[in-house]
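The residues making up each chain are set out below.
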Amino acid sequence: MKTPNLYLGLGHPYYQALPAPIPMDIALFSPSSLFHDDDDSTSTDEETPDNCQTYVERTHQFHGMELVIREFSFHQMNANLLWPGTFAFVEWLVQNRSKIEGRHILELGSGTGALAIFLKKLYQVDITTSDYDDQEIEDNIAHNCRVNGVTPVLPHIKHSWGDPFPNPHPEWDLIIASDILLYVKQYPNLIKTLCFLLNSYKPRETATTPLAQDGIPELARPAFLMSWRRRIGKEDESLFFTGCETAGLQVQHLGSRVYCITPAKPAVNDSLGL
């Protein structure tokens, strides 16, 4: 199939001809088995009377900031725990603060909402969380916002990758995510969502590419920043990045396993080609 004009929206016949999104796989094990409770973390089990969902509440350190995060003991979509990429991404973002300041940010695969809560508390960024269309995820993120003093709670979008996006005119100029490449079969759906968000972005009238202190432009608008730490086979990992390039997106490794993905022709360019 000929590569389409990716600057068209999802209503273009090319996208309409694509097969229906693959339903998300259900986790057959609890990832909590990969973690241990540190002595200095606070763990409490809770049960909700309606669905008997259990939670564990842990105290985590994010670059010197202490956050209390309630996590699902188990969640069928693995939206339950903090993964290694989140902590590594935090360190990278703190070291590259200028890349996120003044941005309108959307986080994909927010899970517990911990990364977004950290960025909101530290930098007061404009950030929206999103994850699989599941009310439990949204409610838990709202709980974690309130426990950590983020009120009103962060705006949240329920969206399953590959489905039509709830907001047909996205204004987020920076999309972020960490450790979201677990389900290989979902890569086409994730790429479809990224293509829409990046290629349908409508810059606000005041949107300009910010300059770093040395005068060098920062990331283009829009851009997708992703940190990946969980171990999968290199062949599986390359499927995602190759799929992005086949779809007309540019992929660049920024170091520390942080990747920047942009449209072939960003709405606002910079001289670094990011």
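Structure shown above.
In this text, all values refer to a predicted model and were calculated from it rather than measured experimentally.

Asks: How should I be thinking about the overall build of the chain in this particular structure?
Replies: Scanning the chain for helices and strands turns up six helices and ten strands. A burial count over the chain gives 52% of its 274 residues as buried. By sequence separation, contacts in the chain at least 24 residues apart represent 67% of the contacts at least 6 residues apart. Here the chain has roughly 13,100 Å² of accessible surface; of this, 52% comes from carbon and sulfur atoms.

Asks: Can you walk me through the sheet that holds strand β4 (residues 104–107) in this structure?
Replies: Strand pairing in a sheet relies on backbone hydrogen bonds. The paired strands run either parallel or antiparallel. Taken in spatial order, the seven strands make up an open sheet running β6-β5-β4-β7-β8-β10-β9, and their pairing is mixed. Two strands close off the open sheet at either side, each with one partner strand: β6 (156–158) and β9 (249–255). Direction aside, the axes of adjacent strands within the sheet are offset by 25° on average. Bridging between strand β7 (residues 174–178) and strand β8 (residues 223–227) involves five bridges; their strand directions are parallel. Bridge assignment links Ile175 to a residue of β8, and that residue is Phe224. Sheet strands touched by helix α3 (residues 114–123): β4, β5 (126–131) and β7. Its angle to β5, the strand with the most contacts, is close to 175°.

Asks: What's the story with the nonpolar core in this structure? I'm lost.
Replies: One finds Leu119, Ile176 and Leu225 to be the most contacted residues of the largest nonpolar core, which totals 33 residues. Of all the elements, α3 adds the most residues to this core, at seven residues. Not counting chain neighbours up to four residues away, the residues in contact with Ile176 comprise Phe89, Ile105, Leu106, Glu107, Leu108, Leu115, Leu119, Ile127, Phe224 and Leu225. Counting 28 residues, the second largest nonpolar core, distinct from the first, contains Leu108, Trp161, Leu198 and Met226.

Asks: Could you clarify how one ought to interpret the packing of aromatic side chains in this entry?
Replies: Two numbers describe a pair of aromatic rings. These are the distance of the centres and the angle of the planes. For the structure shown, the criterion picks out nine aromatic pairs. With centroids separated by 5.3 Å and ring planes inclined at 70°, the aromatic side chains of Phe240 and Phe241 adopt a geometry described as edge-to-face. Accessibility expressed as a relative area gives 0% for Phe240, which makes it buried. In this structure Phe241 comes out as buried when scored by relative accessible area, which is 10%. Through a chain of ring-to-ring contacts, three or more aromatic side chains come together here, namely Tyr187, Phe240, Phe241 and Tyr259. Of note, Arg70 hangs over the ring of Tyr55, and the distance from its end group to the ring centre comes to 4.0 Å.

Asks: Quick question: what am I supposed to make of unusual backbone geometry here?
Replies: The phi torsion of most residues other than glycine is negative, and most of the peptide bonds are trans. Between Thr151 and the following residue, Pro152, the backbone shows a cis peptide bond with an omega angle of -5°. With respect to the helices, strands and loops of the structure, Pro152 is situated in the loop between α4 (135–147) and β6. Across the junction of Arg221 and Pro222, the peptide omega takes the value 0°, indicating a cis bond. Locating Pro222 in the fold gives a position in the loop between α5 (187–199) and β8.

Each value, and the rule that gives it
Residues numbered from 1 in each chain as written. Predicted model: local features only at pLDDT ≥ 70, side-chain atom pairs only at ≥ 80, totals over all residues. Heavy atoms only, no water. Helix = DSSP H or I, 4+ residues; strand = E, 2+ residues; numbered from the N terminus. Buried < 20%, exposed > 50% of the residue type's maximum accessible area, 1.4 Å probe, protein only. Contact = heavy atoms within 4.5 Å. Areas by Shrake-Rupley, 256 points an atom, 1.4 Å probe, with all protein chains shown as cover. Pairing = 2+ DSSP bridges. Axes fitted to C-alpha atoms, helices over the stretch in contact; angles between N-to-C directions. Core = buried A, V, L, I, M, F, W, Y, C linked by side-chain atoms within 4.5 Å. Phe/Tyr/Trp six-rings, centres within 6.5 Å; stacked < 30°, edge-to-face > 60°. Lys NZ or Arg CZ within 6 Å of the ring centre and 35° of its normal.

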